[in-house]
Amino acid sequence: MKIIKYPNEQELAYEIIKHFVLTWDPDFTKVTSEERKQIEEAEKSGFISDEDIDWDNLERYAE
């Protein structure tokens, strides 16, 4: 049995809940063909990934 240490209780709770959800519904993280189409359309229409946003300096994006 592998023992994993988590930095805090929130991280542990998140991982436990994620485990239960994926055990209950293994397709939970999969998208339907309609959802895939919507995602692709959003990405082509000026969609900005959250990874591309500098969350610590949001004032840079203000108009």
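Residues numbered from 1 in each chain as written. Predicted model: local features only at pLDDT ≥ 70, side-chain atom pairs only at ≥ 80, totals over all residues. Heavy atoms only, no water.

**Student:** How should the environment of D54 be read in this particular structure?
**Tutor:** Here D54 is to be found in the segment after α2 (33–44). By relative accessible area, which is 23% here, D54 ends up partly exposed. It is 26 Å that separates the C-alpha atoms of D54 and R36, two residues lying 18 residues apart in sequence. Beyond its immediate stretch of four places on either side in the chain, D54 contacts R60 and Y61. Only 3.0 Å separates the side chain of D54 from the side chain of R60, close enough to count as a polar contact. (Helix = DSSP H or I, 4+ residues; strand = E, 2+ residues; numbered from the N terminus. Buried < 20%, exposed > 50% of the residue type's maximum accessible area, 1.4 Å probe, protein only. Contact = heavy atoms within 4.5 Å. Polar contact = N/O pair within 3.5 Å; in protein donor to acceptor, adjacent residues only side chain to side chain.)

**Student:** Quick question: what am I supposed to make of the pattern of salt bridges here?
**Tutor:** Pairing of side chains with opposite charge becomes possible as their charged atoms draw close. By the definition in use, this model includes two salt bridges. Residue E15 is joined to K18 by a salt bridge in which the shortest nitrogen-to-oxygen separation is 3.6 Å. Remark: K18 and E15 occur in helix α1 (residues 9–24); sequence separation between them is three residues, near one turn of the helix. For E15, a relative accessible area of 22% corresponds to the partly exposed category. A salt bridge links D54 to R60, with the nearest nitrogen and oxygen atoms 3.0 Å apart. Under the relative-accessibility criterion, R60 is labelled exposed at 57%. (Salt bridge = Lys/Arg side-chain N within 4 Å of Asp/Glu carboxyl O.)

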